[in-house]
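Here is how the chains run, residue by residue.
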Amino acid sequence: VQLQASGGGLVQNGGSLRLSCVASGRTFSSYAMGWFRQAPGKEREFVAVISWSGGSTTYADSVKGRFTISRDNAKKTVYLQMNSLKIEDTAVYYCAGTPGFSTFKTMYQYWGPGTLVTVSS
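All residue numbers refer to positions counted from 1 along the written sequence of the respective chain. A pLDDT threshold of at least 70 governs which residues receive local features in this predicted model, and a stricter bar of 80 or more applies before side-chain atom pairs are shown or counted, although totals over entire chains, interfaces and linings include all residues. Side-chain descriptors were evaluated using all non-hydrogen atoms of the structure, hydrogens and water having been removed beforehand.

> Before we move on, could you go through the sheet that holds strand 1 (residues 2-6) and cite the residues and values that matter?
Pairing is antiparallel in the open sheet, where four strands are placed in the order 1-3-8-7. Each end of this open sheet is capped by a strand with a single partner; those strands are strand 1 and strand 7 (67-72). Strand-to-strand twist in this sheet, taken as the mean axis angle between neighbours without regard to direction, amounts to 15°. Bridge analysis of strand 3 (residues 17-24) against strand 8 (residues 77-82) gives six bridges, and the strand direction is antiparallel. Paired with Arg18 across the bridge in strand 8 is Gln81. When DSSP finds two or more bridges between two strands, those strands count as paired. Strands here mean DSSP runs of E at least two residues long; helices mean DSSP runs of H or I at least four residues long; both are numbered from the N terminus. Lines fitted to C-alpha atoms define the axes here, with helix axes fitted over just the stretch in contact, and angles between the N-to-C directions of these axes take values from 0 to 180 degrees.

What follows is the structure, encoded as C-alpha coordinates:
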(Lines give C-alpha, C1' and ligand atoms only; values in the text may rest on other atoms or scores of the structure.)
Protein backbone atom coordinates (compact mmCIF):
# COMPACT_ATOMS: atom_id res chain seq x y z
CA VAL A 1 0.00 0.00 0.00
CA GLN A 2 1.33 3.42 -0.97
CA LEU A 3 -0.12 6.52 0.64
CA GLN A 4 -0.19 10.14 -0.45
CA ALA A 5 -1.53 12.86 1.83
CA SER A 6 -2.65 16.28 0.66
CA GLY A 7 -4.65 19.26 1.81
CA GLY A 8 -2.19 20.91 4.15
CA GLY A 9 -1.51 24.60 4.07
CA LEU A 10 -1.59 27.85 6.00
CA VAL A 11 -4.71 28.65 8.00
CA GLN A 12 -5.57 31.18 10.65
CA ASN A 13 -6.22 30.32 14.27
CA GLY A 14 -9.79 29.01 14.52
CA GLY A 15 -9.95 28.02 10.87
CA SER A 16 -10.53 24.66 9.18
CA LEU A 17 -8.74 22.33 6.82
CA ARG A 18 -9.50 18.93 5.39
CA LEU A 19 -6.67 16.52 4.78
CA SER A 20 -6.98 13.65 2.33
CA CYS A 21 -4.89 10.52 1.98
CA VAL A 22 -5.20 8.43 -1.15
CA ALA A 23 -3.99 4.86 -1.16
CA SER A 24 -2.87 2.64 -3.96
CA GLY A 25 -3.14 -1.11 -3.80
CA ARG A 26 -5.99 -3.54 -3.49
CA THR A 27 -5.88 -4.10 0.25
CA PHE A 28 -6.77 -0.58 1.45
CA SER A 29 -10.20 -1.60 2.69
CA SER A 30 -8.72 -4.24 4.98
CA TYR A 31 -6.51 -1.76 6.86
CA ALA A 32 -7.29 0.56 9.71
CA MET A 33 -6.02 4.03 8.84
CA GLY A 34 -4.52 6.55 11.17
CA TRP A 35 -3.35 10.14 11.18
CA PHE A 36 -0.27 11.19 13.09
CA ARG A 37 1.52 14.50 13.34
CA GLN A 38 4.97 15.75 14.13
CA ALA A 39 5.71 19.28 15.23
CA PRO A 40 9.23 20.73 14.97
CA GLY A 41 11.48 19.30 17.66
CA LYS A 42 8.83 16.89 18.90
CA GLU A 43 8.10 13.22 18.47
CA ARG A 44 5.48 11.98 16.06
CA GLU A 45 2.18 11.66 17.90
CA PHE A 46 -1.13 9.94 17.34
CA VAL A 47 -4.06 12.04 16.14
CA ALA A 48 -6.86 9.70 15.05
CA VAL A 49 -7.57 6.21 13.75
CA ILE A 50 -10.49 4.66 11.88
CA SER A 51 -11.24 0.96 11.48
CA TRP A 52 -11.32 -0.74 8.10
CA SER A 53 -15.12 -0.49 7.99
CA GLY A 54 -15.27 3.04 9.34
CA GLY A 55 -17.37 1.85 12.23
CA SER A 56 -14.83 2.60 14.95
CA THR A 57 -12.77 5.71 15.56
CA THR A 58 -10.46 6.93 18.29
CA TYR A 59 -8.99 10.39 18.80
CA ALA A 60 -6.22 11.93 20.80
CA ASP A 61 -7.59 14.01 23.66
CA SER A 62 -5.98 17.11 22.19
CA VAL A 63 -8.14 16.95 19.04
CA LYS A 64 -11.32 15.31 20.33
CA GLY A 65 -14.37 17.32 19.38
CA ARG A 66 -12.45 19.35 16.78
CA PHE A 67 -11.15 16.74 14.32
CA THR A 68 -13.11 14.06 12.48
CA ILE A 69 -11.61 11.09 10.67
CA SER A 70 -13.55 9.34 7.92
CA ARG A 71 -12.91 7.07 4.98
CA ASP A 72 -14.31 6.15 1.60
CA ASN A 73 -13.15 2.65 0.68
CA ALA A 74 -14.49 2.93 -2.86
CA LYS A 75 -12.17 5.91 -3.39
CA LYS A 76 -9.37 4.39 -1.28
CA THR A 77 -9.25 7.64 0.64
CA VAL A 78 -9.15 8.61 4.29
CA TYR A 79 -9.93 12.13 5.44
CA LEU A 80 -9.17 14.27 8.44
CA GLN A 81 -11.51 17.22 8.89
CA MET A 82 -9.87 19.70 11.21
CA ASN A 83 -11.98 22.49 12.72
CA SER A 84 -11.24 25.14 15.31
CA LEU A 85 -7.56 24.85 14.55
CA LYS A 86 -5.09 26.09 17.13
CA ILE A 87 -1.52 27.26 16.78
CA GLU A 88 -0.40 24.11 18.59
CA ASP A 89 -1.90 22.01 15.78
CA THR A 90 0.93 23.18 13.53
CA ALA A 91 2.79 20.08 12.35
CA VAL A 92 3.47 17.76 9.48
CA TYR A 93 0.54 15.37 9.27
CA TYR A 94 1.05 11.79 8.17
CA CYS A 95 -1.45 9.12 7.21
CA ALA A 96 -0.59 5.53 7.94
CA GLY A 97 -2.06 2.05 7.59
CA THR A 98 -2.16 -0.87 9.98
CA PRO A 99 -3.76 -4.30 9.75
CA GLY A 100 -5.00 -3.90 13.30
CA PHE A 101 -6.51 -0.92 15.12
CA SER A 102 -3.97 1.02 17.13
CA THR A 103 -2.93 4.38 18.49
CA PHE A 104 0.74 3.36 18.55
CA LYS A 105 2.85 4.46 15.61
CA THR A 106 5.01 1.35 15.86
CA MET A 107 2.01 -0.76 14.84
CA TYR A 108 1.69 0.95 11.47
CA GLN A 109 3.28 -0.65 8.44
CA TYR A 110 2.60 1.94 5.76
CA TRP A 111 3.28 5.66 5.86
CA GLY A 112 2.74 8.52 3.48
CA PRO A 113 5.23 11.39 3.08
CA GLY A 114 3.20 13.89 5.10
CA THR A 115 1.59 17.25 4.50
CA LEU A 116 2.38 20.45 6.39
CA VAL A 117 -0.30 22.27 8.34
CA THR A 118 0.57 25.71 9.66
CA VAL A 119 -1.82 27.57 11.93
CA SER A 120 -1.08 31.27 12.30
CA SER A 121 -2.29 33.77 14.89
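Moving on, there is more to tell.
> Provide a residue-level description of the packing of aromatic side chains, including the pertinent values.
The criterion for an aromatic pair is that two Phe, Tyr or Trp rings (for Trp, the six-membered ring) have centres within 6.5 Å, with stacked assigned to planes under 30 degrees apart, edge-to-face to planes over 60 apart and tilted to the rest. Applying the stated rule across the entire model yields six aromatic pairs. Between Phe36 and Phe46, the aromatic rings sit 5.8 Å apart at their centres with planes inclined by 75°, giving edge-to-face as the arrangement. Of this pair, Phe36 sits in strand 4 (residues 32-38) while Phe46 sits in strand 5 (residues 45-50); the two residues are 10 residues apart in sequence, bridging distant segments of the chain. For every residue, the accessible area obtained with a 1.4 Å probe (protein chains only) is divided by the maximum for its type, and the residue is called buried under 20%, exposed over 50%, and partly exposed between those limits. Look at Phe46 and you get buried, because its relative accessible area is 13%. For the ring pair Tyr108 and Trp111, a centre distance of 6.0 Å and an interplane angle of 55° mean the geometry is tilted. In this structure Tyr108 comes out as buried when scored by relative accessible area, which is 6%. Judged by relative accessible area, which is 28%, Trp111 ranks as partly exposed. Put simply, the rings of Phe36, Phe46, Tyr94, Tyr108 and Trp111 pair up and form one aromatic cluster. Only when the NZ of Lys or the CZ of Arg is both within 6 Å of the ring centre and within 35 degrees of the ring normal is a charge said to sit over the ring. Arg44 extends its terminal NZ or CZ atom over the ring of Trp111, reaching a point 4.9 Å from the ring centre.

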